[in-house]
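# A closer look at the structure
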Amino acid sequence: MNLLIADQSDVVRKVAKRILTGMNFEVSEARNAPDAIAYCMKGLPQFLIVEAAMDGALELIQFVRTIPGNERTRIYYCIVEADLRKMMAGRRAGANDFLMKPFDRKTLNAVFNGLATPAEAPAGRQIAAQ
């Protein structure tokens, strides 16, 4: 399963990528809305995390919702506080759900655990349980 993180913060993207890669996601990063749009034009991710404070965040979500096949992309609008106005704007733009920031391993585990499947072993080989 592939996931795109669109967040202005290098640290947030790096931490989230490390955690989510450990959960078997193929994680890509975008530092701004134009980079995320360019990525999505090549192919939609199954999951998209969009930082609400990023310039063009709502436009990014709206753009993704215009691409054929977008219904397979689950969009998480990443907010710092439970601000009803921001949440409604994100929902109207097309976000499926919200993710509170700052997030940590526990939060990402609660939201994404079990959604990515481990890579399959080549025929005739088994992956040892860890």
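Structural notes, computed from the coordinates. Being a predicted model, the structure only gives us computed values, none of them experimental. (Residues numbered from 1 in each chain as written. Predicted model: local features only at pLDDT ≥ 70, side-chain atom pairs only at ≥ 80, totals over all residues. Heavy atoms only, no water.)

### Some points on the environment of Asp 7
Mapped onto the fold, Asp 7 is located in the loop between strand E1 (2-6) and helix H1 (10-21). In the structure, Asp 7 is positioned 22 residues away from Glu 29 in sequence and 7.8 Å away in space, judged by C-alpha atoms. Excluding its chain neighbours within four sequence positions, the residues that come into contact with Asp 7 are Val 12, Arg 13, Ala 30, Arg 31, Glu 51, Met 54 and Lys 101. (Helix = DSSP H or I, 4+ residues; strand = E, 2+ residues; numbered from the N terminus. Contact = heavy atoms within 4.5 Å.)

### What to know about the pattern of salt bridges
Scanning all chains against the criterion turns up 8 salt bridges. In this structure, the salt-bridge partner of Asp 97 is Arg 74, at a minimum N-O distance of 3.5 Å. Remark: Arg 74 occurs in strand E4 (residues 74-79) and Asp 97 occurs in strand E5 (residues 97-100); sequence separation between them is 23 residues. In this structure, a network of salt bridges that share partners links the residues Asp 10, Arg 13, Lys 17, Glu 29 and Arg 31. (Salt bridge = Lys/Arg side-chain N within 4 Å of Asp/Glu carboxyl O.)

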